[in-house]
Amino acid sequence: MTKRKLSMGQMRIGEIMHLVWINIMESKFKVFLTSLGVIVGSATIILVIAVGHGGEVEVQNEYKTLNAGSINVAASTAAQMQDQMMGGFGGGIPGGGMPGGTPGGANGNRGGGTRRNGGGGSFGGFGEMGGGTRGKSVTLTETDEQDIASLVSGLSSVSIYTTGTSSVDGGDLTEETDETVAGVGSEYQEMCNLDLLEGEFITDEDNEDKSKVAVIGYTLAQTIFGSAFSAYGDSVSIEGKKYEIVGVLNEMGSVSSGTSPDDSIFVPYQTAAKYIYGKSADPQIMAIASDVSSVSDKITEIKAVLMENHSNVKENAFNVTDAGSTLESATSSAKTLSMLLMIVAAIVFIVGGIGIMNVMFVSVKERTQEIGILKALGSSKRVILLQFLLEATFISVFGGLLGVLSGFALIPIVRLSGMTVEPVAASAIYSMIFAVGTGTIFGFYPAWKAAALMPIEALTQE
């Protein structure tokens, strides 16, 4: 009898696992229901990491054309509005005219052009009623571009450009649509890492001659002509004037100017300034710093040049930003979203763990006499504790495996919603760690309660 008690007290792990397996198989449906919380939690972690990683990949793809050293200079709308409120009588909003009057033109006397004739528009000054320069809007010029290029050292290239929304017709379109049209120089392609599918980009000669030629983005070419290849050599009508398509871009993303080349048309800057936007254009300047680490210094120097050229405006009249900050901000937002989703997954696991704990308490209650018999035969507290703890762990491992499989299986379905979802193999490991941890943590207390039962009380309890 003593020898039997000793063997039970020192029960091998294989025997304990055998008992656990018998108990699990006797209540398969209950085990499945108990593991549902862990299944959902594991699947959630797989999807959360996939969505989070997909968000970061989407940001990287969206800004893959960004040059790390690019600096963008624009007139600050906020500064213009403040300047306008202080002394201007022109249009109070881009494209606005005199109160009660006709829509303003692009001559600076009554405000900016219509939406169709300039994406940025401009704010009117004192016009005929006032005088002076205080109410004028701040407009960047080619002189600013040249001064920045000559006075700010450490810049590999500088280029002026303008973007806006203009009416476009042609190809398979049945009516005019408003599309983004950018006036750019030949340097723009290299500065923004634009890749051509067919043809060539805007040249210096095109700018000098104010040629009516255009380079169209991949997505817009598909929309207008049915395919990107069909667009090359064809033509589009922009603001009623015909432009020959001399180039088609590969599918890209966003560039440092914020323009998406996939949905844009590029024309020579001088052409856009003369035929499309006129004086209602809102030019911006892009510069590339040779040394990425010197971007902040170059921003300070650029602001100094602009303040010298526009001495009648305040310092906040210009908005100078760098691509690194833009990318960092977008990536930070994606990571924040991932963190929030991880918190949701953790909550799901906690709920699943509480479910395991409740079921284990019920199991201990139902098997009190079994525990008493094992203890009477010499099983130690450690054996009882290990047995119930292994049952909880088995449930969580089972749920974790099903959750991992379900999570990866759901990824194609989630993609149908249009979300960028990129699965990560390591997420399966993280999911299983959470699952095993949940079963062990939440199963420990019920197992400890079972091990703490007194043999006599357990045997006599009905």
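These numbers were taken from a predicted model, which means no experiment stands behind them.

Turning our attention to the nonpolar core. I148 and I302 are the most contacted members of the largest nonpolar core, which has 23 residues in total. Per element, the largest residue contribution to this core is five residues, and it comes from helix α11 (residues 295-309). The residues touching I148, leaving out its near neighbours within four places in the chain, are L155, V158, I285, I302, V305 and L306. L173, Y243, I245 and A281 belong to the second largest nonpolar core, which has 22 residues in total.

Moving on, we get to unusual backbone geometry. Phi is positive for N193, close to 55°, though the residue is something other than glycine. With respect to the helices, strands and loops of the structure, N193 is situated in the loop between α6 (188-191) and β4 (196-199). Its identity is not glycine, yet K210 carries a phi of approximately 50°, on the positive side. Counting through the fold element by element, K210 comes out in the loop between α7 (204-209) and β5 (213-216).

Looking now at the side chain of S166. Structurally, S166 can be placed in strand β2 (residues 155-169). In terms of polar contacts, S166 uses its side chain to reach the side chain of Y277, at 3.4 Å.

Another point: the pairing of strand β9 (residues 284-289). Buried residues dominate β9, accounting for six of its six residues. Covered by surrounding structure in β9 are Q284, M286 and I288 together with I285, A287 and A289, the residues of both alternating faces. Both strand β1 (residues 70-75) and β9 contribute to a ladder of four bridges, which runs antiparallel. Counterpart to V73 in the pairing with β9 is I285. The pairing of β2 with β9 spans six bridges and is antiparallel. When the bridges of β9 are listed, L155 appears paired with A289.

The next subject is the packing of aromatic side chains. Evaluation of the coordinates by the stated rule reveals four aromatic pairs. With a centroid separation of 5.7 Å and 45° between ring planes, the pair formed by Y188 and F266 is classed as tilted. Of the two residues, Y188 sits in helix α6 while F266 sits in strand β8 (residues 264-268), which places them 78 residues apart along the sequence. In this structure, Y188 and F266 share a single accessibility class: buried. In this structure an aromatic cluster arises from ring pairing among Y161, Y188, F201 and F266. Just above the ring of Y275 sits the side chain of K212; from NZ or CZ to the centre is 3.8 Å.

A separate point is the confidence of the model for the protein chain. Chain-level pLDDT for the protein chain is 75 on average; 73% of the residues reach the 70-or-more range. Looking at the elements of the protein chain, mean pLDDT is at its lowest for helix α4 (residues 77-87), recorded as 41, and at its highest for β5, recorded as 96. Low confidence marks residues 78-136, where pLDDT is under 50. Its contacts with residues over four positions away, or in another chain, come to 117 contacts.

Looking now at the environment of L36. In this structure, L36 sits in helix α3 (residues 28-62). Given a relative accessible area of 35%, L36 falls into the partly exposed group. Distance in space between the C-alpha atoms of L36 and F398 is 9.7 Å, their sequence separation being 362 residues.

Now for the packing of helix α14 (residues 381-415) against helix α15 (residues 426-451). Following both chains from N to C, one finds α14 and α15 inclined at 150°, their axes separated by 7 Å at the closest point. Classified by the interaxial angle, the pair formed by α14 and α15 is roughly antiparallel. Every pair of crossing elements has a handedness; the one defined by α14 and α15 is right-handed. Each residue belonging to the contact of α14 with α15 can be placed in one class, and the counts come to 18 nonpolar, eight polar and one charged.

The rules behind the values
- Residues numbered from 1 in each chain as written.
- Predicted model: local features only at pLDDT ≥ 70, side-chain atom pairs only at ≥ 80, totals over all residues.
- Heavy atoms only, no water.
- Core = buried A, V, L, I, M, F, W, Y, C linked by side-chain atoms within 4.5 Å.
- Buried < 20%, exposed > 50% of the residue type's maximum accessible area, 1.4 Å probe, protein only.
- Helix = DSSP H or I, 4+ residues; strand = E, 2+ residues; numbered from the N terminus.
- Contact = heavy atoms within 4.5 Å.
- Polar contact = N/O pair within 3.5 Å; in protein donor to acceptor, adjacent residues only side chain to side chain.
- Pairing = 2+ DSSP bridges.
- Phe/Tyr/Trp six-rings, centres within 6.5 Å; stacked < 30°, edge-to-face > 60°.
- Lys NZ or Arg CZ within 6 Å of the ring centre and 35° of its normal.
- pLDDT = per-residue confidence, 0-100.
- Axes fitted to C-alpha atoms, helices over the stretch in contact; angles between N-to-C directions.
- Parallel < 35°, antiparallel > 145°, perpendicular 65-115°, else oblique.
- Left-handed = near helix turned anticlockwise from the far one by under 90°.
- Nonpolar A, V, L, I, M, F, W, Y, C, P; charged D, E, K, R; others polar.

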